[in-house]
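Each chain, written out:
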Amino acid sequence: MVAGVKELGGDRHVACHDEPFPYAVFQCHMTGRSATRAYMITVQSGVRGNDPAATTVAMSALCHRDTSSWNPAHPAFEILGTKPGGAPVCHFMPYANLVFGQTVAH
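Naming follows an unreviewed UniProt entry, where the protein appears as BURP domain-containing protein of Eragrostis curvula.

Student: What am I meant to see in the overall build of the protein here?
Tutor: When you go through the protein residue by residue, the secondary structure sums to 1 helix and 7 strands. Overall, the protein shows an N-to-C arrangement of helices and strands of β-β-β-β-β-α-β-β. Across the 106 residues of the protein, 23% fall into the buried class. Intrachain contacts of the protein at a sequence separation of at least 6 include 55% that bridge at least 24 residues. Carbon and sulfur atoms make up 58% of the accessible area of the protein, which totals about 7,200 Å².

Student: Please explain the pattern of salt bridges as it appears in this structure.
Tutor: Two side chains that carry opposite charge are able to pair once their charged atoms sit near each other. As enumerated under the stated definition, the model contains 1 salt bridge in all. E7 serves as the salt-bridge partner of R37, at 3.2 Å between the closest nitrogen and oxygen. Residue R37 is located in strand β4 (residues 36–44), and its partner E7 is located in strand β1 (residues 2–8); the two are separated by 30 residues in the primary sequence.

Student: It is not clear to me how the sheet that holds strand β3 (residues 26–30) should be interpreted in this structure. Could you clarify?
Tutor: The pairing of strands in a sheet happens through backbone hydrogen bonds and is either parallel or antiparallel. Taking strand neighbours across the sheet as the criterion, the 3 strands line up as β3-β2-β7 in an open arrangement whose pairing is antiparallel. Edge strands, defined here as strands with exactly one partner in the open sheet, are β3 and β7 (98–102). Recorded for the sheet is a direction-independent mean angle of 15° between the axes of neighbouring strands. Examined bridge by bridge, strand β2 (residues 12–18) and β3 share 5 bridges and lie antiparallel to one another. Following the sheet pairing, H17 is matched in β3 by Q27.

Student: What is the right way to look at the sheet that holds strand β6 (residues 89–92) in this model?
Tutor: The sheet built from 4 strands is open, its strands ordered β1-β4-β5-β6 with antiparallel pairing. Two strands lie at the open edges of the sheet, namely β1 and β6, each paired on one side alone. Between one strand axis and the next, the sheet turns through 25° on average, direction left out of account. Looking at chain direction, β4 and strand β5 (residues 56–64) are connected through 9 bridges and run antiparallel. For Y39, the partnering residue across the bridge sits in β5 and is A61.

How each quantity is defined
- Residues numbered from 1 in each chain as written.
- Predicted model: local features only at pLDDT ≥ 70, side-chain atom pairs only at ≥ 80, totals over all residues.
- Heavy atoms only, no water.
- Helix = DSSP H or I, 4+ residues; strand = E, 2+ residues; numbered from the N terminus.
- Buried < 20%, exposed > 50% of the residue type's maximum accessible area, 1.4 Å probe, protein only.
- Contact = heavy atoms within 4.5 Å.
- Areas by Shrake-Rupley, 256 points an atom, 1.4 Å probe, with all protein chains shown as cover.
- Salt bridge = Lys/Arg side-chain N within 4 Å of Asp/Glu carboxyl O.
- Pairing = 2+ DSSP bridges.
- Axes fitted to C-alpha atoms, helices over the stretch in contact; angles between N-to-C directions.

Okay, here's the thing in structure tokens:
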């Protein structure tokens, strides 16, 4: 069950995805200003309370709010049944992937 959702600050985000190499290599890209929101999601096993058998995991997630410039053949559109410029596309960041946020002075 979802135990908590916290929006991570920032006007721009950089996501870094690990690459399959024998040493640490990341492929990083920056999102557009205000086009993406980042969140920290806390998920807990179905065990309730302070039971020692409960497992809690915190994961970052990104929601791409403006997909109008995305390739219409992107797999996310097929999976979600939407199209460029439609509903936001959200996804969890896999383990060992990184998210950085930047707040731009207004």
